[in-house]
Amino acid sequence: MSKLEKKPPYLTDAACRNATCTTTAVRKMSDGLNGLYLWVYAGGRKTWMYRYSVHKDGRLVEKSLTLGRYPDLGLAAARVEAAKAALLGDPAAARKAVAQAKAMVASNTFEALAREWHRIHSPHWSTKYGEDVLKRLKADAFPAIGQRPVAELKASEIVAVLLPVQARGNVELAYRLLGHITQVLDFAIAKDLVDSNVAQGREKALAPAPHASHAHVEPHQLPALLRAIDGYSGSPIVRLALRILPRVFTRATELLGATWGEFDLAKAEWEIPASRMKMRRAHLVPLAPQVVKMLEELKALGHGSPWVFPGKSVDKPLTSKALLQALASLGYGGVQTSHGWRHVASTALYEARNGDERMFDEDAIERQLAHVQGGVRGRYDKSKFLAERRRMMLWYADHLDELARK
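Note that the coordinates shown come from a computational prediction; the quantities given were computed from them, not determined experimentally.

1. Notes on the pattern of salt bridges
Inspection of the entire model under this criterion finds 16 salt bridges. In this structure, Asp31 engages Arg79 in a salt bridge whose closest nitrogen and oxygen atoms are separated by 2.8 Å. Here Asp31 is found in the loop between β1 (27-30) and β2 (36-40), whereas its partner Arg79 is found in helix α2 (residues 75-87), with 48 residues between them in sequence. The class for Arg79 is partly exposed, based on a relative accessible area of 30%. A salt bridge links Asp140 to Arg168, with the nearest nitrogen and oxygen atoms 3.1 Å apart. Pair noted here: Asp140 is in helix α5 (residues 127-145) and Arg168 is in the loop between α6 (155-167) and α7 (171-190), with a separation of 28 residues, a long-range link. A relative accessible area of 16% means that Asp140 is categorised as buried. Residue Arg168 is classed as exposed on the basis of its relative accessible area, which comes to 52%. A cluster of three or more residues bridged by salt bridges with shared partners is formed by Arg148, Glu152 and Glu157.

And the structure:
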């Protein structure tokens, strides 16, 4: 080193320890060319600062970044932190970006994402289904993982939500809840908040799903059940609901919530508005003559109620519970449910044969069940296959009448 060169004023542990500020201003002690400074305040506080310059709007702007307090952060450690900061170009901006990313993660909690997912998708569901989904999430998911950032959720936490539901004896509900959680986390993936769905595969932690979620009679039991319904001696409105439901095989809530404005008895058609359908798509039900006759009978029993199936009060419709209670009184409690009629109809229509030929087109059956497939085949048209569906509904009503006579 030549006599003209000056040694950088490197700090020492002793210099840092003994440094004081005798003025009201802060004393800034440089560690040399690495941008590290020890700021010493009159009150005795000492803080490590990293000073650097960035180009902004065509000029050089000096900035500083707090690294930590001395002596909590010693001299050697402060030099390491300064070296790390130098590699970032603009460490203050980098630190701010990290803080913002952490804030975003913290704000994207499971509950926040679930409510956003529900708000976006619920307009395409029936009102009741949308309410049920949110109710399940509020009861079992939100208390456990609602405030957890979705990016931090673990598979074990999902299982911990499901097992108490299963322990209550409701395995089916546990599977439904898992389905909702899986969809919420798929939504989080779509928003680029997580890379994978930790709910996928968690059904392996549950007991096997029930094979039949909606009880229904076996084919050989159907004639006796139909005769029992025909002989039901309770409310005539309940009896007609029990007779009509198998012949239209809609969901019970769709039938019992029907108003007379949805029916055109002259055309033998019932159009369920999209607002009352599970998938928010209008659904057309061709009516067999037997069903039209029963509906005309209901009009006479309704005393002017707008509901096709008025309950105890003409201002409210009959409930699904009334049908289940009636079936139980006939000895079919837990054996046949209202929803089970859809399975009974589907089985009969798929198995119907004219010689070796299937009687009804698969797409017509699925359309009448209001099942919508994806892709081109899933493009919904409430009147598609209408001629085929009219023939099918007439055949099925006659088929049930024939079974009741056996």
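2. Observations concerning helix α8 (residues 222-230)
Think of an α-helix as turning once every 3.6 residues; residues three or four places apart then point the same way. Inspection of α8 places Leu222, Pro223, Leu225, Leu226 and Ile229 among the buried residues, and these make up the whole buried set. With its buried residues spanning 165° around the axis, α8 presents them on a single face. Tucked into the core, α8 has its buried residues touching α9 (236-248), α12 (320-329), α13 (340-351) and α15 (386-404).

3. What about the side chain of Glu269?
Here Glu269 shows up in strand β6 (residues 269-272). A polar atom in the side chain of Glu269 sits 2.2 Å from the side chain of Arg390. Setting aside anything within four residues of it in sequence, one finds Glu269 in contact with Glu262, Phe263, Asp264, Leu284, Val285, Leu287, Leu386 and Arg390.

4. Topic: the packing of aromatic side chains
For the structure shown, the criterion picks out 8 aromatic pairs. Between Phe110 and Phe142 the ring centres are 6.3 Å apart and the planes differ by 70°, which places this aromatic pair in the edge-to-face class. On the criterion of sequence distance, the pair formed by Phe110 in helix α4 (residues 110-121) and Phe142 in helix α5 is long-range, its members being 32 residues apart. Counting every residue linked through ring pairs, the aromatic cluster contains Phe249, Phe360, Trp395 and Tyr396. Across the ring face of Tyr37, the terminal group of Arg51 is positioned such that the distance to the ring centre comes to 5.3 Å.

5. Details of the environment of Leu75
Looking at the element boundaries, Leu75 is found in helix α2. Put simply, Leu75 and Arg17 are 58 residues apart on the chain and 9.9 Å apart in space, counted from C-alpha to C-alpha.

6. Structural notes on the pairing of strand β3 (residues 46-56)
Strand direction decides the pairing type here: β2 and β3, joined by 5 bridges, are antiparallel. Note on β3: the bridge partner recorded for Leu36 is Tyr50. Adjacent in sequence and paired antiparallel, β2 and β3 are bridged by 5 residues, among which Gly44 carries a positive phi angle near 105°. In this structure, β3 lies alongside strand β4 (residues 59-70), joined through 11 bridges in antiparallel fashion. Bridge pairing links Ser53 to Glu62 in β4.

7. Points about the sheet that holds β1
Spatially, β1-β2-β3-β4 is the arrangement adopted by the 4 strands of the open sheet, whose pairing is antiparallel. Here the strands that pair on one side only, and so sit at the sheet edges, are β1 and β4. Looking at each pair of strands side by side, their axes are set apart by 30° on average, direction ignored. Across 4 bridges, the pairing between β1 and β2 is antiparallel. Counterpart to Met29 in the pairing with β2 is Leu38. Sitting on the sheet, α2 touches β2, β3 and β4, and the angle it makes with β3 is about 15°.

8. Some remarks on the pairing of β6
Of the pairings in the sheet, the one linking strand β5 (residues 263-264) to β6 comprises 2 bridges and is antiparallel in character. Within β6, the position partnered with Phe263 by the bridge is Trp270. Connecting the antiparallel pair β5 and β6 is a turn made up of 4 residues, with Ala268 showing a positive phi of about 60°. As judged from the 4 bridges shared by β6 and strand β7 (residues 283-286), these two strands associate in the antiparallel manner. Its bridge partner lying in β7, Trp270 is registered against Val285.

9. A few points about α15
The end-to-end C-alpha distance of α15, which contains 19 residues, comes to 27 Å, matching closely the 27 Å that a straight helix rising 1.5 Å per residue would cover. Of the positions making up α15, those classed as buried are Leu386, Arg389, Met392, Met393, Tyr396, Ala397, Leu400, Asp401, Leu403 and Ala404.

10. As for the sheet that holds β6
Taken in spatial order, the 3 strands line up as β5-β6-β7 in an open sheet, and their pairing is antiparallel. In this open sheet, the two strands that pair with only one neighbour each are β5 and β7. Packed on one face of the sheet, α15 meets β6 and β7 and runs near 45° to β7.

11. Digging into the confidence of the model for the protein
The pLDDT averaged across the protein works out to 86; a share of 89% of its residues lies at or above 70. This stretch, residues 1-6, has a pLDDT under 50; its non-local contacts, to residues over four places away or in other chains, come to 0 contacts. Under a pLDDT of 50 for its full length, residues 374-379 has, in the predicted model, 6 contacts with residues more than four places off or in other chains.

About the cut-offs
- Residues numbered from 1 in each chain as written.
- Predicted model: local features only at pLDDT ≥ 70, side-chain atom pairs only at ≥ 80, totals over all residues.
- Heavy atoms only, no water.
- Salt bridge = Lys/Arg side-chain N within 4 Å of Asp/Glu carboxyl O.
- Helix = DSSP H or I, 4+ residues; strand = E, 2+ residues; numbered from the N terminus.
- Buried < 20%, exposed > 50% of the residue type's maximum accessible area, 1.4 Å probe, protein only.
- Arc of directions from axis to C-beta.
- Contact = heavy atoms within 4.5 Å.
- Polar contact = N/O pair within 3.5 Å; in protein donor to acceptor, adjacent residues only side chain to side chain.
- Phe/Tyr/Trp six-rings, centres within 6.5 Å; stacked < 30°, edge-to-face > 60°.
- Lys NZ or Arg CZ within 6 Å of the ring centre and 35° of its normal.
- Pairing = 2+ DSSP bridges.
- Axes fitted to C-alpha atoms, helices over the stretch in contact; angles between N-to-C directions.
- Expected span 1.5 Å × (residues − 1).
- pLDDT = per-residue confidence, 0-100.

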